[in-house]
Amino acid sequence: MADPPHRMPMPKRDLLAITDFSRAELETLMALALRMKRGDYLERPLAGKTLAMIFGKTSTRTRVSFEVGACQLGGQPLFLSSREMQLGRGEPIRDTARVLSRYVDGIMIRTYAHTEVEEFARFASVPVINGLTDLLHPCQVLADVLTMREELGGWAGKIVAWVGDGNNMANTWLEAAGQFGFELRLACPEGYEPNHALFDRAAARTRVTITELPEEAVAGAHVVTTDVWTSMGHEEQAEVRRQAFAGYGVDEKLMALADPAAIFLHCLPAHRGEEVTDAVLEGPQSRVWAEAANRLHIQKALMATLMGSPTR
């Protein structure tokens, strides 16, 4: 009997940034996530596969959504705290990446330095997903854009207003604006602007502006979104930041300047009374709980796409 024809292995794909996928691929990902959410997708592309989840930063939504999602797709999630691994004792990232690649079928990392995730992806032979770094939070913003599609019918012609710190969320909204083509307005205090290189790259593809006036950013916007003023790793700056961000809280008065059908988004956890009032977070325009739920569906679509065949 003749030997079966040799098949070259498919090159592995990573998701470290939204820009790792083309707009067409992102739209396909959104459609798959919605199929999964509706219950129209019954495949188990992760059957017999394991997802290693490395956490350098604590988490609620990232851990639970990835664990549940992997299980629903037939896979086995494996929680790994970087403090309990040899990484915490100084083992080089490249060594850990190469060893884990021989045990598992995919790796999700939530950590501080973006360079750590990049190095992991460079040396891993299995797909790597960025669960959060200090530079970017792609899984969260993909869930946010999915929420836009559900609640607003899409993103074409839409205006997103970011109010607050130019942090990893703001940076990722810049990437999303460039890929999907919606307008993005950022209101940030002086000295707390987003990454300049990411801003310039997005500005070359769509309309993005930055202002120090939240009212200017929110006027007529279809989405108003924010994040905590002090992220993990900046706790010692809490009081300085509280003073710098005075006047940048999203309240009912600010929301009234947005489009009448505007929605409010927040990646959570929220510091009620600081970056957002309780009235807005719990109000009729808030979609934060639907947004949080969409983490599960977009990440399932990601895992199916990167770790298995979503159409088999």
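Before reading on, note that the structure itself is shown above.
The residue numbers shown here count from 1 along each chain, following its written sequence. Per-residue local features of the predicted model are confined to residues with pLDDT of at least 70, and side-chain atom pairs are confined, for both listing and counting, to 80 or more; whole-chain, interface and lining totals are unaffected and use all residues. By convention in this description, side-chain values take in all heavy atoms of the structure and omit both hydrogens and water.

**Remarks on unusual backbone geometry**
Cis geometry is found at the peptide bond from Leu268 to Pro269, where omega equals 0°. We count a stretch as a helix when DSSP gives it H or I for four or more residues in a row; a strand needs E for two or more, and each element gets its number in order from the N terminus. By the secondary structure assignment, Pro269 is in the loop between β9 (263–266) and α11 (278–281). We note that Leu132 has phi near 155°; this positive angle belongs to a residue other than glycine. Looking at the element boundaries, Leu132 is found in strand β4 (residues 128–132). Of the residues examined, Leu132 reaches a relative accessible area of 6% and is grouped as buried. Within the chain, Leu268 stands out as a residue other than glycine whose phi angle is a positive 65°. Residue exposure (1.4 Å probe, protein chains only): buried if accessible area is under 20% of the type maximum, exposed if over 50%, otherwise partly exposed.

**Thoughts on the nonpolar core**
Throughout, nonpolar core names a set of buried Ala, Val, Leu, Ile, Met, Phe, Trp, Tyr and Cys residues whose side chains join them through atoms within 4.5 Å. If you look at the biggest cluster of nonpolar residues, it comprises 59 residues, and the most contacted ones within it are Val145, Trp173, Phe182 and Met303. Sort the elements by how many residues they give to this core and helix α5 (residues 138–152) lands first, with eight residues. Residue contacts are defined here by distance: any two heavy atoms, one from each residue, within 4.5 Å place the two residues in contact. Beyond its immediate chain neighbours, meaning those up to four positions away, Met303 contacts Leu46, Leu51, Phe66, Gly69, Ala70, Leu73, Ile129 and Gly308.

**Describing helix α4 (residues 114–123)**
For α4, the set of buried residues is His114, Val117, Glu119, Phe120 and Ala121. In this structure, the buried side of α4 is in contact with β1 (50–55), α3 (93–100), β3 (106–110) and β4.

**Quick look at the pairing of strand β6 (residues 183–187)**
A large share of β6 lies buried, amounting to five of its five residues. Where burial is concerned, the two faces of β6 agree: the one with Glu183, Arg185 and Ala187 and the one with Leu184 and Leu186 are both buried. Looking at chain direction, strand β5 (residues 159–163) and β6 are connected through five bridges and run parallel. Within the sheet, the bridge partner assigned to Ile159 lies in β6 and is Glu183. For crossovers, right-handed means that the path from the first strand over the helix to the second runs clockwise, given strands pointing away from the viewer. For the crossover from β5 across helix α6 (residues 168–180) to β6, the handedness is right-handed. Only strands that DSSP links by at least two bridges are regarded as paired with each other. Pairing geometry for β6 and strand β7 (residues 208–211), over four bridges, is parallel. If you follow Arg185 over to β7, its bridge partner there is Thr209. The parallel pair β6 and β7, bridged by helix α7 (residues 196–203), forms a crossover whose chirality is right-handed.

That is the geometry; function is a separate question.
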